[in-house]
Amino acid sequence: MSNQNDKIVFSGAQPTGSLTLGNYIGAVKNWKTLEKEYNCLYCIVDSHSLTVRHDPKEFNKTSLSFLVQYLASGLDPDKNIIYFQSHVPQHAELSWVLGCNTYIGELNRMTQFKDKSEKHKDNINSGLLTYPVLMAADILLYKANLVPVGEDQKQHLELTRDIANRFNNLYGETFPIPEPHMPKVGARIMSLQEPTKKMSKSDENVNGTIFLMDSEDVIMKKMKRAVTDSENNVVYRDEQPGVKNLITIHSRLAGISIDEVVAQYEGKGYGALKKDTAEVVIESLRPFKDRYNEYMNNLDYVENIYKKGAKRAYELAEDTMTLVRKRIGLIQK
Ligand code: TYM
């Protein structure tokens, strides 16, 4: 962390399944852009994933694979602090303190809590409810100014800001109020099968989701099967959510504007849009796959990266916790 601009960026993703095109376009692609200017921490938020039942062996593998997927996305380990949340215990410590300053009513209102409670009816555990407090702790622990996320995390970010303000008012200025950083286009990539629903890692219909690890054949098949409509007219509008989603993906990955994509397909059918968009996805993920394999063959180097990351994150976290403990009146160690 040695950039001129002393603003701090924090973000993370849960290691469940595998990174999706939604995660990539909505968040990770932006992380890479921000590394040039800011001091960034990119965390694998493994403790968050414990809120749903998991197989320990599988989870262990997935967590490591996620870290490698961060690296394969092009994040520079020398520029960014890349680490596992569970390696820095202050996340849990601050989460407790912030939880004592968060109202149950606020947590009950979170749409993600409502969705997940609906989905995991047999396991509505307290971690699911307090999840946003841990997320606030992740961000505030590093006094982050900017949080690059997709649109679905907006409500959690708003709660984080409320908690930070409340803490500052009660105990004195401690945390900067973090700002969300969302892409103008692509903050919500939709399922290819149900384009009114967000693309998700845990969608039961795998055809709705493109995973960065999908083979080229699978990407082509999923794209060709993407649900559109009967208009057969490539227009970017809410009434045609499937087509709008394909145009968004195309635009973000080809680095051209929405208008340019629309102009390219004037008078052409959806078939051409689907096939070309699949090719754009395949092309932009090719370096990802090569880098993924390279890192996987060099796991000592990967271990070195996350250990170094955790050490640095720990130091920063401890600075904040020393201040927090003092602010709330705990006896200094
Ligand atoms: P997670 O793991 O669900 O997703 C990681 C990031 O990807 C974004 N995202 C999307 N963006 C656009 N379209 C989509 N379909 C899509 N799906 C996911 C998410 O908005 C997110 O930015 N609670 C967080 C993880 C977290 C976190 C944090 C994030 C924990 N602590 C602190 C930022 C800061 C989550 O479950 O993201």
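Residues numbered from 1 in each chain as written. Predicted model: local features only at pLDDT ≥ 70, side-chain atom pairs only at ≥ 80, totals over all residues. Heavy atoms only, no water.

Chemist: What's the story with the overall build of the protein in this structure? I'm lost.
Modeler: A tally of helices and strands in the protein yields 13 helices and five strands. The C-alpha atoms of the protein give 21 Å as radius of gyration, which agrees with the globular expectation for 333 residues (20 Å, within 12%). Projecting the C-alpha coordinates of the protein onto the three principal axes gives extents of approximately 70 × 45 × 40 Å. Here the protein, with 333 residues, has 50% of them falling under the buried criterion. (Helix = DSSP H or I, 4+ residues; strand = E, 2+ residues; numbered from the N terminus. Rg over C-alpha atoms; globule rule 2.2 N^0.38 Å. Buried < 20%, exposed > 50% of the residue type's maximum accessible area, 1.4 Å probe, protein only.)

Chemist: Any chance you could explain the environment of Tyr 38 here in plain terms?
Modeler: Among the secondary structure elements, Tyr 38 is positioned in the loop between α1 (21-34) and β2 (39-44). Residue class for Tyr 38 comes out buried when judged on its relative accessible area of 13%. Separated by 30 residues in sequence, Tyr 38 and Ile 8 have C-alpha atoms that sit 6.1 Å apart.

Chemist: What's the story with the packing of helix α7 (residues 126-140) against helix α8 (residues 154-171) in this structure? I'm lost.
Modeler: Relative placement of two packed helices is described by the angle separating their axes and the distance separating the axes. One can describe the packing of α7 onto α8 by two numbers: an axis separation of 9 Å at closest approach and a directional angle of 70°. Here α7 is positioned roughly perpendicular relative to α8, judged by the angle of their axes. Where α7 crosses over α8, the two elements pack in a sense that is right-handed. Across the interface between the two elements, Tyr 131, Pro 132, Met 135, Ala 136, Ile 139 and Leu 140 of α7 pack against His 156, Leu 157, Leu 159, Thr 160, Ile 163 and Ala 164 of α8. Counted by class, the contact of α7 with α8 contains ten nonpolar, two polar and no charged residues. (Axes fitted to C-alpha atoms, helices over the stretch in contact; angles between N-to-C directions. Parallel < 35°, antiparallel > 145°, perpendicular 65-115°, else oblique. Left-handed = near helix turned anticlockwise from the far one by under 90°. Contact = heavy atoms within 4.5 Å. Nonpolar A, V, L, I, M, F, W, Y, C, P; charged D, E, K, R; others polar.)

Chemist: When you look at the pattern of salt bridges in this model, what are you seeing that I'm missing?
Modeler: For the coordinates displayed, the defined rule picks out 20 salt bridges. Ionic pairing is found between Arg 325 and Glu 93, a salt bridge with its closest N-O pair at 2.9 Å. Of the two residues, Arg 325 is situated in helix α13 (residues 299-328) and Glu 93 in helix α4 (residues 90-99); the sequence distance between them amounts to 232 residues. Looking at Arg 325, the relative accessible area reads 8%, which means it is buried. When its relative accessible area of 30% is taken as the criterion, Glu 93 is described as partly exposed. When the shortest N-O distance is used, the salt bridge between Arg 325 and Glu 318 registers 2.9 Å. Salt bridges sharing partners connect three or more residues here, namely Glu 93, Glu 318 and Arg 325. (Salt bridge = Lys/Arg side-chain N within 4 Å of Asp/Glu carboxyl O.)

Chemist: In this structure, what is going on with unusual backbone geometry? I would like to understand it.
Modeler: The bulk of non-glycine residues show a negative phi, and the bulk of peptide bonds are trans. Positive phi is not limited to glycine here, since Lys 143 has a value of about 50°. Looking at where Lys 143 falls in the secondary structure, it is placed in the loop between α7 and β4 (146-148). A positive phi angle is found at Asn 232, which is not glycine, with a value near 50°. Along the chain, Asn 232 falls in the loop between α9 (216-224) and α10 (241-254). By relative accessible area, which is 46% here, Asn 232 ends up partly exposed.

Chemist: Can you walk me through the nonpolar core in this structure?
Modeler: Soluble, globular proteins show a tendency: their nonpolar side chains are buried together. Core analysis: the largest hydrophobic core is formed by 55 residues, its most contacted members being Leu 21, Tyr 70, Ile 249 and Val 281. Per-element tally for this core: the top contributor is helix α12 (residues 270-296), with ten residues. Dropping the residues within four chain positions of it, Tyr 70 is found in contact with Gly 12, Ala 13, Leu 19, Trp 31, Tyr 42, Cys 43, Ile 44, Leu 75 and Ile 82. Counting residues in hydrophobic clusters, the runner-up holds 39 residues, among them Leu 128, Val 133, Ala 136 and Leu 159. (Core = buried A, V, L, I, M, F, W, Y, C linked by side-chain atoms within 4.5 Å.)

Chemist: Any chance you could explain the site of the ligand here in plain terms?
Modeler: Close to the ligand lie 27 residues, the nearest being Tyr 131, Asp 138, Asp 152, Ile 189 and Lys 201. In isolation the ligand exposes 700 Å². Once the protein is present, 97% of that is buried. Elements supplying a minimum of two residues to the shell around the ligand: β1 (8-13), α1 and α7. Its residues assigned to classes, the shell around the ligand shows twelve nonpolar, ten polar and five charged. (Near = heavy atom within 4 Å. Areas by Shrake-Rupley, 256 points an atom, 1.4 Å probe, with all protein chains shown as cover.)

Chemist: Quick question: what am I supposed to make of the side chain of Gln 85 here?
Modeler: Its place among the elements puts Gln 85 in the loop between β3 (80-84) and α4. Judged by relative accessible area, which is 1%, Gln 85 ranks as buried. Among the polar contacts made by the side chain of Gln 85, one reaches the side chain of His 48 at a distance of 3.2 Å. Excluding residues that lie within four positions of it along the chain, Gln 85 makes contacts with Cys 43, Ile 44, Val 45, Asp 46, Ser 47, His 48, His 91, Leu 134 and Asp 138. (Polar contact = N/O pair within 3.5 Å; in protein donor to acceptor, adjacent residues only side chain to side chain.)

Chemist: I would appreciate a short explanation of the pairing of β3 in the present structure.
Modeler: For a regular strand, side-chain orientation follows a simple rule: the groups alternate between the two sheet faces. In terms of burial, β3 is largely enclosed, as five of its five residues are buried. Where burial is concerned, the two faces of β3 agree: the one with Asn 80, Ile 82 and Phe 84 and the one with Ile 81 and Tyr 83 are both buried. Pairing of β2 with β3, which is carried by five bridges, proceeds in the parallel orientation. By the bridge assignment, Tyr 42 is partnered in β3 with Ile 82. (Pairing = 2+ DSSP bridges.)

Chemist: Just checking my understanding: could you explain α9 for this structure?
Modeler: Since the α-helix turns once every 3.6 residues, residues separated by three or four places project in the same direction. Considered for burial, the residues of α9 that qualify are Ile 219, Met 220, Lys 222 and Met 223. Taken around the axis of α9, the buried residues stretch over an arc of 165°, which confines them to a single face. In this structure, α9 carries Asp 217 and Lys 221 as exposed residues pointing more than 90 degrees from its buried face. Contacts made by the buried residues of α9 are with α10 and α12. (Arc of directions from axis to C-beta.)

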